[in-house]
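Observations on the model geometry
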Amino acid sequence: MSETTSQSGSSPRANWLLAALRRFATSVLPFVVVIAIWQFASLFFPRFLFPSLIDVFWRCLEIFSSGAMFADVLSTIFRILAGLAGAFIVGGGLALVMVRSRAVDNFLSPILTLLQGIPALSWVVFAIIWFHGVEFRIFFIMVMTTLPAFTFQVLGALRAMSRDLMEMVFSFRPTRMKLFRVMIAPAILPDILTAWKVNLGNASRVVVVAELVGATGGVGYQLLQQQQLFDMAGALAWTLQLVFFVLIVQGALTLIENTAFRYRAVSERAI
Amino acid sequence: MRDTVTSDEAAIHLDHVSKVFGKPGSAEAYRAVDGLDLDVRSGQMLALLGKTGCGKSTIFNMIAGLTEPTSGTVRVSGRDPFGDFDSFRGKMAIVFQNDRLLPWRSAIENVELGLEMLGVPAAERRASAQLWLTKLGLGGHENDYPHALSGGMRQRVSIARAFATNANILLCDEPFSALDESTAGRLRAEFVRLVKENGKTAVFITHSISEALEIGDRIVVLKRPAKIAYDVSFDAATDQRERELIRSRIGDVLAV
């Protein structure tokens, strides 16, 4: 009689560690390559073109440790979040009305499409001409540039809701509030999180332009200062503040997705 | 409008009901139901039988209050299920053709859904949902999400969801048609037992003669566009020979 047994060469814990290491390496590798190329370039080019990343690192540290400079970062973050929240609330409301009424949809869709075609810089000019307060100007620009995308994304999510599931929930005769809580909110949440992820990237680019309308603080204002001083290390350090912010918020949104959507089946075969 | 229903009144009453899809009178208009009269008494298990496209689901949706009849009157417990939609909260439960479980809710949370709509306190609805899951053999699967359950298990969750509300009227739209014959047979037997035990009035839509004979104590055969072609009542005392005669008669009616 012959007997065969199969034994893996390593323990499950070692396999898990190896997989985690591999995941970490794949996500970090692209950054390492970019950093290495930049650092290599800094050896051959003047400082104002490619400053050493060590200089950039110290400038970043200076921004973090200086209360006044870090306040600039926080005010930009606040402007991004306020603008996104405003656009989301208005856009979500518009989408709800549009999904309920074809006439409203027919009326608003072309207007939103038109707004989508207006460049961020044009909104800056309009805001300067129309309004006085700097903060309101920035808020207006942020809302107008992200509103159409939020509206269309929420509208798409509402329209994509399963008719079968909706009918099933309706058969229990829910109140409007309960219908929203048990059916609509969970059904559209994945698309809303995606909308936030996409618009966050857009907003972080637009806010810098918006802060050129006379703001006396913020990352956009600081970038303008670095341009006037021809300080590339400073420009990079301030840019990185926005990049860090986007990465942190994207990470938080991914964490929410992983927790909120744990009900989803995971296929062993990827697309 | 009356709020009280006398015991001898039909639980479900359809009086010369028609349903036309599309603009009535236009070339695209499609008459799905044509002048249907039907009474279902309280505690009766009615099997509505007919070929695909004969208007069974349209009748089902009108009784459920999800579709409005073009003409005629639909009354459930003396009230209009479409016009008085909210008044049927907790009074009517539906088992659909496919399970229609909310994918973001675990099995027990899905069973709790109807009770949540009724405002039942959390602890009470959890206990009730647990009881129904156990009755349907799903103990131990309470926290599983729908994707982790088999087709038969998911359909059992949807049956538990319908029974948990303790509604007097159960509407079932071919609930076992998507399952394999052995699972369907087992679930059908469980379903009949639960309906009888709990004294429900049930309307069961099917296109299978065997299923109709197994489930109903009355069978109504529909012909397109949803008109009654054959209506027969029987009970546990009906012997095998008589059942075979009914089966043969239904077969003849459907073949025409």
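The structure under discussion appears in the preceding block.
Overview of the structure. Because the structure is predicted, anything quoted here is derived from the model rather than measured.

Before going further, it helps to examine the packing of aromatic side chains. On inspection of all chains with the given rule, the structure shows 27 aromatic pairs over all chains. Ring centres 4.8 Å apart and planes at 65° place the aromatic pair W38 of chain A and F50 of chain A in the edge-to-face group. Taken together, the positions of W38 of chain A in helix α1 (residues 12–42) and F50 of chain A in the loop between α1 and α2 (53–65) put the pair 12 residues apart, joining distant regions of the chain. Its relative accessible area of 26% is what places F50 of chain A among the partly exposed residues. Here the aromatic rings of F40 of chain A and F44 of chain A are separated by 5.0 Å at their centres, their planes lie at 65°, and the arrangement is edge-to-face. For F40 of chain A, a relative accessible area of 54% puts it in the exposed group. Members of the aromatic cluster, connected to one another through ring pairs, are W123, F126, W130, F131, F136 and F140 of chain A. Sitting over the face of the ring of F261 of chain A, R264 of chain A holds its NZ or CZ atom 4.5 Å from the ring centroid. The ring of W132 of chain B is capped by K135 of chain B, whose NZ or CZ atom sits 4.2 Å from the centre of that ring.

So, on to the pairing of strand β9 (residues 227–233) of chain B. Residue and element names in this part refer to chain B. Of the pairings in the sheet, the one linking strand β8 (residues 218–223) to β9 comprises 6 bridges and is antiparallel in character. By the bridge assignment for β9, I219 is matched with V232. Between β8 and β9, which pair antiparallel in sequence order, lie 3 residues; one of them, A226, sits at a positive phi of approximately 35°.

A word on the side chain of Q155 of chain B. Residue and element names in this part refer to chain B. Here Q155 shows up in helix α4 (residues 151–164). From its side chain, Q155 meets the backbone oxygen of F96 in a polar contact 3.5 Å long. Those residues within four positions of Q155 in sequence are excluded, and the remaining contacts are V95, F96, Q97, N98, D99, P175, F176, L179 and L187.

Another aspect to go through is the sheet that holds strand β7 (residues 201–206) of chain B. Residue and element names in this part refer to chain B. Taken together, the 6 strands give an open sheet; going across it, the order is β5-β6-β7-β3-β8-β9, and neighbouring strands pair in mixed fashion. Edge positions in the sheet fall to β5 (92–95) and β9, since each has one partner strand and no second. Between one strand axis and the next, the sheet turns by 15° as a mean value, whatever way the strands run. With 5 bridges joining them, strand β3 (residues 45–50) and β8 adopt parallel strand pairing. Within β8, the residue paired with G50 across the bridge is L222. Running at roughly 175° to β5, α4 makes contact with β5 and β6 (169–173) of the sheet. Relative to the sheet, helix α5 (residues 181–197) contacts β3, β6 and β7, its axis offset from that of β3 by approximately 140°.

This part is about the layout of surface pockets. All names here are of chain A. Within this model, the largest pocket holds a volume of roughly 760 Å³. Considering the residues around the largest pocket, the lining is formed by 22 residues, among which R100, M166, F170, L179 and I184 are closest to the centre. Those elements that provide at least two residues to the lining of the largest pocket are α3 (67–100), α6 (134–159), α7 (163–170) and α8 (176–210). A class-by-class count of the residues in the lining of the largest pocket yields 13 nonpolar, 3 polar and 6 charged. The computed volume of the second largest pocket comes to approximately 540 Å³. Of all the secondary-structure elements, those providing two or more residues to the lining of the second largest pocket are α1, α2 and α10 (232–260). Classifying every residue of the lining of the second largest pocket by side-chain character gives 15 nonpolar, 1 polar and no charged.

To continue, consider helix α5 (residues 120–130) of chain A. Given 3.6 residues to a turn, an α-helix orients residues that are three or four positions apart in the same direction. Residue and element names in this part refer to chain A. For α5, the complete set of buried residues consists of W123, V124 and A127. One side of α5 holds all its buried residues, which, seen down the axis, span an arc of 105°. Pointing more than 90 degrees away from the buried face of α5 are the exposed residues L121 and I129. Elements that come into contact with the buried residues of α5 comprise α4 (102–116), α6 and α8.

Further remarks concern the interface of chain B and chain A. It is common to report an interface's size as the accessible area lost on association of the parts. Tallying the contact residues gives 27 residues for chain B and 21 residues for chain A. Looking only at chain B, the three residues that lose the most surface to chain A are R100, W104 and M117 of chain B, adding up to 32% of its buried area. Here chain B is connected to chain A by 3 salt bridges. A salt bridge links E167 of chain A to R100 of chain B; the shortest N-O distance between them is 3.1 Å. The interface formed by chain B and chain A includes 12 residue pairs in polar contact (both at pLDDT 80 or more).

With that settled, consider the environment of F230 of chain A. Along the chain, F230 of chain A turns up in the loop between α9 (219–229) and α10. In the structure, F230 of chain A is positioned 182 residues away from F48 of chain A in sequence and 6.8 Å away in space, judged by C-alpha atoms.

Let's shift gears to empty space enclosed by the protein. A complete count under the given rule lists 1 cavity of 30 Å³ or more for this structure. Roughly 40 Å³ of internal volume is contained in the largest cavity. What lines the largest cavity is simply S171 and F172 of chain A together with R89, G90, M92, G114, L118 and T165 of chain B. Grouping the constituent residues of the lining of the largest cavity by class yields 3 nonpolar, 4 polar and 1 charged.

Our focus in this paragraph is the sheet that holds strand β4 (residues 71–76) of chain B. All names here are of chain B. Within the open sheet, the 3 strands sit side by side as β2-β1-β4. Their pairing is antiparallel. On the outer flanks of this sheet lie β2 (30–40) and β4, each paired with one strand and no other. Across the sheet, the axes of successive neighbouring strands diverge by a mean angle of 25°, strand direction being ignored. As paired elements, strand β1 (residues 12–21) and β4 share 5 bridges and run antiparallel to each other. Opposite D15, over in β4, you have T73 as the bridge partner.

A few words on the pattern of salt bridges. As enumerated under the stated definition, the model contains 23 salt bridges over all chains in all. Here K197 of chain A and E257 of chain A are joined by a salt bridge, their closest N and O atoms 3.1 Å apart. Of the two residues, K197 of chain A is situated in helix α8 and E257 of chain A in helix α10; the sequence distance between them amounts to 60 residues. Classification of E257 of chain A by relative accessible area gives buried; the value is 17%. In this structure, the salt-bridge partner of E112 of chain B is R125 of chain B, at a minimum N-O distance of 3.0 Å. Within this pair, whereas E112 of chain B is found in helix α2 (residues 107–117), its partner R125 of chain B is found in helix α3 (residues 122–135), the two being separated by 13 residues in sequence. For the pair formed by E112 of chain B and R125 of chain B, the shared burial category is buried. What emerges from the salt-bridge pattern is a single network uniting E181, R188, E211 and E214 of chain B.

What counts and what doesn't
Residues numbered from 1 in each chain as written. Chains lettered and ligands numbered in written order. Predicted model: local features only at pLDDT ≥ 70, side-chain atom pairs only at ≥ 80, totals over all residues. Heavy atoms only, no water. Phe/Tyr/Trp six-rings, centres within 6.5 Å; stacked < 30°, edge-to-face > 60°. Helix = DSSP H or I, 4+ residues; strand = E, 2+ residues; numbered from the N terminus. Buried < 20%, exposed > 50% of the residue type's maximum accessible area, 1.4 Å probe, protein only. Lys NZ or Arg CZ within 6 Å of the ring centre and 35° of its normal. Pairing = 2+ DSSP bridges. Polar contact = N/O pair within 3.5 Å; in protein donor to acceptor, adjacent residues only side chain to side chain. Contact = heavy atoms within 4.5 Å. Axes fitted to C-alpha atoms, helices over the stretch in contact; angles between N-to-C directions. 1 Å grid on protein atoms, 1.4 Å probe; cavity = no way out; pocket = protein on both sides within 12 Å on 5 of 7 lines; lining within 4 Å. Points joined across faces, edges and corners; volume = space filled by probe spheres on them. Nonpolar A, V, L, I, M, F, W, Y, C, P; charged D, E, K, R; others polar. Arc of directions from axis to C-beta. Buried area = accessible area lost by both parts, 1.4 Å probe. Salt bridge = Lys/Arg side-chain N within 4 Å of Asp/Glu carboxyl O.

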